[in-house]
Structure formats: C-alpha cells, structure tokens
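Residue strings, one per chain:
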Amino acid sequence: MSVQESNHALSVADELLHKALARIKGFQADGRVVVDQAHEIARLVSQALQQHGRNASVISPLLLSAAAEVRETMNNGQAPQWERVCAGDSRMESHPFFHKTKGFGECLIFNAPF
C-alpha cells in the first residue's frame, strides 16, 4: 500500500472517529449506555493504525489519543473517558507513531463542535 493510500485511509478513520465521538457525546447526554460504541471506536482505531500506521507519513493526533484512552481504560476493564481524547494528549507521546503527528494541525478537542 502506498503512503498516499495509507494517509487517505487514516484521514477517513479520523473523520469516522470524530463522528463516533460526537455520537457518544450525544448518548452520554441522554444517559444511554455507550459500550457498543466504545468497542466500535476501539476497533476502528486499532484496525486503522495496524493496517496503515507504518506506511502513513502523517497521523491524526486524535487517533493516537483515542488509542491511548483505549489502552489505558478498556484494556484494563474500565469504561473509556472520551472527554480526555484530544490532539494535545500527552499520553500519545509514548506511541511509536507519535512522530507522525508533527505538523498535523491545530488541536481538536473532543468537546469542540464537530
């Protein structure tokens, strides 16, 4: 797979992540259970990074922040705290693809309108 194809695939994954986070935010406001959506996000982020992370030249910080949140919470049997997912998340600095976030753009915070 080419760099451009991987960059595009991760861009699409980033867009889907934004939509999923907005959907979860709406469900949380209604007090609904968001377990299925959390698993959807974990699967989306994991597959995107596994399939395209190595080839991509740039990766959205939001994807790495979501990966950090999944690793820290869901992998330990806890519910994700999606409001912690943001482009300025220091937890992503330990990710092997962190260097690919440089120059991606302005910080997009979960609480910002999508």
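Residues numbered from 1 in each chain as written. Predicted model: local features only at pLDDT ≥ 70, side-chain atom pairs only at ≥ 80, totals over all residues. Heavy atoms only, no water.

Moving on, we come to the overall build of the protein chain. Secondary structure assignment for the protein chain yields 3 helices and 0 strands. The order of helices and strands in the protein chain, counted from the N terminus, is α-α-α. When burial is assessed residue by residue, the protein chain has 45% of its 114 residues classed as buried. Intrachain contacts of the protein chain at a sequence separation of at least 6 include 64% that bridge at least 24 residues. Only carbon and sulfur atoms are counted for the fraction: they give 51% of the accessible area of the protein chain, which is about 6500 Å². (Helix = DSSP H or I, 4+ residues; strand = E, 2+ residues; numbered from the N terminus. Buried < 20%, exposed > 50% of the residue type's maximum accessible area, 1.4 Å probe, protein only. Contact = heavy atoms within 4.5 Å. Areas by Shrake-Rupley, 256 points an atom, 1.4 Å probe, with all protein chains shown as cover.)

Viewed as axis vectors pointing N to C, helix H2 (residues 35–52) and helix H3 (residues 61–72) meet at an angle of 120°, and their least axial separation amounts to 10 Å. As judged from the angle between their axes, H2 and H3 are oblique. In this structure, the crossing between H2 and H3 has a hand that is left-handed. Each of Ala42, Val45 and Leu49 in H2 lies in contact with H3, whose residues at this interface are Leu63, Leu64, Ala66, Ala67 and Val70. By residue class, the composition of the contact of H2 with H3 is 8 nonpolar, no polar and no charged. (Axes fitted to C-alpha atoms, helices over the stretch in contact; angles between N-to-C directions. Parallel < 35°, antiparallel > 145°, perpendicular 65-115°, else oblique. Left-handed = near helix turned anticlockwise from the far one by under 90°. Nonpolar A, V, L, I, M, F, W, Y, C, P; charged D, E, K, R; others polar.)

Our next topic: the pattern of salt bridges. With the rule as written, the count across this model stands at 7 salt bridges. Here lysine 19 and glutamate 15 are joined by a salt bridge, their closest N and O atoms 3.8 Å apart. Remark: glutamate 15 and lysine 19 occur in helix H1 (residues 3–30); sequence separation between them is 4 residues, near one turn of the helix. Two residues, arginine 84 and glutamate 72, come together in a salt bridge whose shortest N-O distance is 3.2 Å. In this pair, arginine 84 sits in the segment after H3 while glutamate 72 sits in helix H3, placing the two residues 12 residues apart along the sequence. Relative accessible area serves as the criterion here: at 37%, arginine 84 is assigned to the partly exposed category. (Salt bridge = Lys/Arg side-chain N within 4 Å of Asp/Glu carboxyl O.)

Its 12 residues give H3 an end-to-end C-alpha distance of 16 Å, which sits within 8% of 16 Å, the value for a rise of 1.5 Å per residue. Taken together, the buried positions of H3 are occupied by Pro61, Leu62, Leu63, Leu64, Ser65, Ala66, Ala67, Ala68, Glu69 and Val70. A side-chain oxygen of the first residue of H3 lies 3.1 Å from the backbone nitrogen of leucine 62; this N-cap is serine 60. (Expected span 1.5 Å × (residues − 1). Polar contact = N/O pair within 3.5 Å; in protein donor to acceptor, adjacent residues only side chain to side chain.)

For the rest of this paragraph, the subject is the confidence of the model for the protein chain. Averaged over all residues, the pLDDT of the protein chain is 85; the fraction at 70 or higher stands at 86%. H3 holds the highest mean pLDDT among the elements of the protein chain, 94, whereas H1 holds the lowest, 88. Every residue in residues 106–114 scores below 50 in pLDDT, and together they form 16 contacts with partners more than four places removed in sequence or on other chains. (pLDDT = per-residue confidence, 0-100.)

Glancing now at the nonpolar core. Leu17, Ile41, Val45, Leu49, Ile59 and Trp82 are the most contacted members of the largest nonpolar core, which has 29 residues in total. Secondary-structure elements contributing two or more residues to this core are H1, H2 and H3. In contact with leucine 49, not counting residues within four places along its chain, are Leu10, Arg54, Ile59, Leu63, Leu64, Ala67, His95 and Phe97. (Core = buried A, V, L, I, M, F, W, Y, C linked by side-chain atoms within 4.5 Å.)

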